[in-house]
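# Summary of structural features
Here is how the chains run, residue by residue.
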Amino acid sequence: MSLAVPPFAPSAQSDTQASPLDDATARDLVDRLVNLLRVQPVGEDRFVGQSEDIGTPAVFGGQVLGQALMAACGTVGAERPVHSMHAYFLLPGEHAPIEYEVLRARDGRSFSTRHVVARQRGVEIFEMTASFQLASDGADHQDAAPQVEQPEALVSELEHRRAVAERLPPGFGARWREKSVLPRALEYRHVQPYDLLDPVAAPPQASMWLRAVAPLPEDFSLHCAMLAYASDHGLLLTAMRPHGLALLRGDVRLASLDHAMWFHRDLRIDDWLLHDMDSPSACGARALCRGRVFDHQGRLVASTAQEGMMRLQRPGG
């Protein structure tokens, strides 16, 4: 542990790998994601969220995490920001509207607890418990931020996805190819890129910069919900690295089982955040992955943990 907060070394260059998006397109992409996460109230502590098809067979788990958190936040005052959330994915969700029901489990002097259940067609697909706290003073320490390449020197994940799409055989992964080459509201830049078609075995550790491609409102709940959305992207891939498994080659099936987050300090996702991830264990067709999220000043703003199904598909695997 470190009592100091070491900032990342400032970049000596401009953003040479800047996103090719023009301002209007970036603004539109971010506004769409904001509208997706901002679930609509339909009754007392009940909300509905729409779904976006990003090319995954089921609805993207990060979308459900973000929407469930926004539903919970909608029942707690802004003076009590979220500090933790623990979620279970019960069934794959469809690309269709999702209903969220919030139970006000507790409102104490300092802490509030909310339980959220998500349903489609009357069937529970997801549940989450979130805790909120009044601002309080206390001791302060954190892990030191890892020393990694700055985002300005890295290529956007979008370019990696487009390069992979060009190498896919005709007709193979047509749906993934169609969706993966489109720009998105969140930009990711991998410090250690991992080829989804022909990977090389590597240690179970990875770091990834991420940010929204346009500014966001001053709404801490929204920034946390968008980080929850982003945190489901790439975390389980860390467990595939030591085995050289390729998702697009059909080596493995992945599915999120549970997901936990802790929000430590103020954060903004419209500035670069570093998600530093590792996988301490994989066994029994399950993999555990952990992450630490640092801002560009080196402050530890959040922590993540996820266990997922990692079922081998190739013979002898």
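This text gives an overview of the structure that appears in the document. (Residues numbered from 1 in each chain as written. Predicted model: local features only at pLDDT ≥ 70, side-chain atom pairs only at ≥ 80, totals over all residues. Heavy atoms only, no water.)

### Some points on the sheet that holds strand β6 (residues 123-133)
Strands sit in the order β1-β2-β4-β5-β6-β3-β9-β12-β11-β10-β8-β7 across an open sheet of twelve strands; the sheet is antiparallel. Both outer strands of the open sheet, β1 (40-43) and β7 (186-190), are each paired with one neighbouring strand and no more. Ignoring strand direction, the axes of neighbouring strands in this sheet form an average angle of 25°. Inspection of the sheet shows β7 paired to strand β8 (residues 205-212) by five bridges, in the antiparallel sense. (Pairing = 2+ DSSP bridges. Helix = DSSP H or I, 4+ residues; strand = E, 2+ residues; numbered from the N terminus. Axes fitted to C-alpha atoms, helices over the stretch in contact; angles between N-to-C directions.)

### As for the pairing of strand β11 (residues 286-295)
Relative to β11, strand β10 (residues 273-283) runs antiparallel, the two sharing nine bridges. Within the sheet, the bridge partner assigned to Leu 274 lies in β11 and is Phe 294. Between β10 and the antiparallel strand that follows it, β11, lie two residues; Gly 284 among them carries a positive phi value of about 60°. Taken together, the nine bridges between β11 and strand β12 (residues 300-312) define a ladder with antiparallel strand orientation.

### Topic: the packing of helix α2 (residues 61-73) against helix α5 (residues 220-231)
To characterise two packed helices, one gives the angle between the axes of the helices and the distance between these axes. Packing of α2 against α5 brings their axes to within 7 Å, and their N-to-C directions diverge by 155°. The angle between α2 and α5 falls in the class roughly antiparallel. Here α2 runs over α5; the crossing is right-handed. Judged by residue contacts, Gly 62, Gln 63, Leu 65, Gly 66, Leu 69, Met 70 and Cys 73 of α2 engage Ser 221, Leu 222, Cys 224, Ala 225, Ala 228 and Tyr 229 from α5. (Parallel < 35°, antiparallel > 145°, perpendicular 65-115°, else oblique. Left-handed = near helix turned anticlockwise from the far one by under 90°. Contact = heavy atoms within 4.5 Å.)

### A word on a nonpolar patch on the surface
On the surface, a nonpolar cluster with roughly 360 Å² of combined accessible area is contributed by Tyr 88, Leu 90, Leu 91 and Val 123. Counting through the fold element by element, Val 123 comes out in strand β6. (Patch = residues over 30% accessible without salt bridge, like charges linked within 9 Å, V, L, I, M, F, W, Y side chains within 5 Å. Areas by Shrake-Rupley, 256 points an atom, 1.4 Å probe, with all protein chains shown as cover. Salt bridge = Lys/Arg side-chain N within 4 Å of Asp/Glu carboxyl O.)

### Observations regarding the side chain of Asp 251
If you trace the backbone, Asp 251 turns up in the loop between α6 (237-240) and β9 (252-263). Look at Asp 251 and you get buried, because its relative accessible area is 5%. Reaching out from Asp 251, the side chain makes a polar contact with the backbone nitrogen of Ala 246 at a distance of 2.8 Å. A distance of 2.7 Å separates the side chain of Asp 251 from the side chain of Arg 249, its partner in a polar contact. (Buried < 20%, exposed > 50% of the residue type's maximum accessible area, 1.4 Å probe, protein only. Polar contact = N/O pair within 3.5 Å; in protein donor to acceptor, adjacent residues only side chain to side chain.)

### A look at the pattern of salt bridges
Scanning the entire structure with this criterion turns up 24 salt bridges. We note a salt bridge from Arg 292 to Asp 143, for which the minimum N-O separation is 3.1 Å. Placement of the pair is Arg 292 in strand β11 and Asp 143 in the loop between β6 and α3 (157-167), with a sequence separation of 149 residues. Given a relative accessible area of 23%, Arg 292 falls into the partly exposed group. The partner of Glu 159 in a salt bridge is Arg 162, and the shortest N-O contact between them spans 3.5 Å. Residue Glu 159 and its partner Arg 162 are both found in helix α3; the two are separated by three residues, about one turn of the helix. Shared partners join several salt bridges into a network, and the residues in it are Arg 46, Glu 101, Arg 119 and Glu 124.

### Observations regarding α2
Residues three or four positions apart in an α-helix share a direction because the helix packs 3.6 residues into each turn. The end-to-end C-alpha separation of α2 is 18 Å, in line with the 18 Å expected for 13 residues at 1.5 Å each. Among the 13 residues in α2, 13 count as buried, and that is most of the element. (Expected span 1.5 Å × (residues − 1).)

### Regarding the nonpolar core
Residues Tyr 100, Phe 126, Met 128, Leu 227 and Phe 263 are the most contacted members of the largest nonpolar core, which totals 71 residues. For Met 128, the residues in contact, after removing those within four places along its chain, are Ala 68, Leu 69, Ala 72, Met 85, His 86, Ala 87, Arg 114, His 115 and Val 116. Counting residues in each nonpolar core, the second largest holds seven residues, with Val 164, Ala 165, Leu 196 and Leu 248 among its members. (Core = buried A, V, L, I, M, F, W, Y, C linked by side-chain atoms within 4.5 Å.)

### Quick notes on the side chain of Ser 131
Counting through the fold element by element, Ser 131 comes out in strand β6. At a separation of 2.7 Å, a polar atom in the side chain of Ser 131 contacts the side chain of His 83. Once you skip the residues sitting within four places of it in the chain, Ser 131 turns out to touch Pro 81, Val 82, His 83, Ser 84, Phe 111, Ser 112 and Thr 113.

### A closer look at the layout of surface pockets
Approximately 600 Å³ is the volume found for the second largest pocket. Considering the residues around the second largest pocket, the lining is formed by 21 residues, among which Gln 133, Ser 136, Phe 263, His 264 and Arg 265 are closest to the centre. Residue classes in the lining of the second largest pocket are distributed as nine nonpolar, seven polar and five charged. (1 Å grid on protein atoms, 1.4 Å probe; cavity = no way out; pocket = protein on both sides within 12 Å on 5 of 7 lines; lining within 4 Å. Points joined across faces, edges and corners; volume = space filled by probe spheres on them. Nonpolar A, V, L, I, M, F, W, Y, C, P; charged D, E, K, R; others polar.)

### Thoughts on the environment of Val 116
For Val 116, the location among the structural elements is in strand β5 (residues 111-120). In this view, Val 116 contacts Ala 68, Ala 72, Tyr 100, Glu 101, Val 102, Phe 126, Glu 127 and Met 128; residues no more than four positions away in its chain are not counted.

### Examining the pairing of β10
Bridge count between β8 and β10: six bridges; the pairing is antiparallel. Paired with Ser 207 across the two strands is Asp 276, which belongs to β10.

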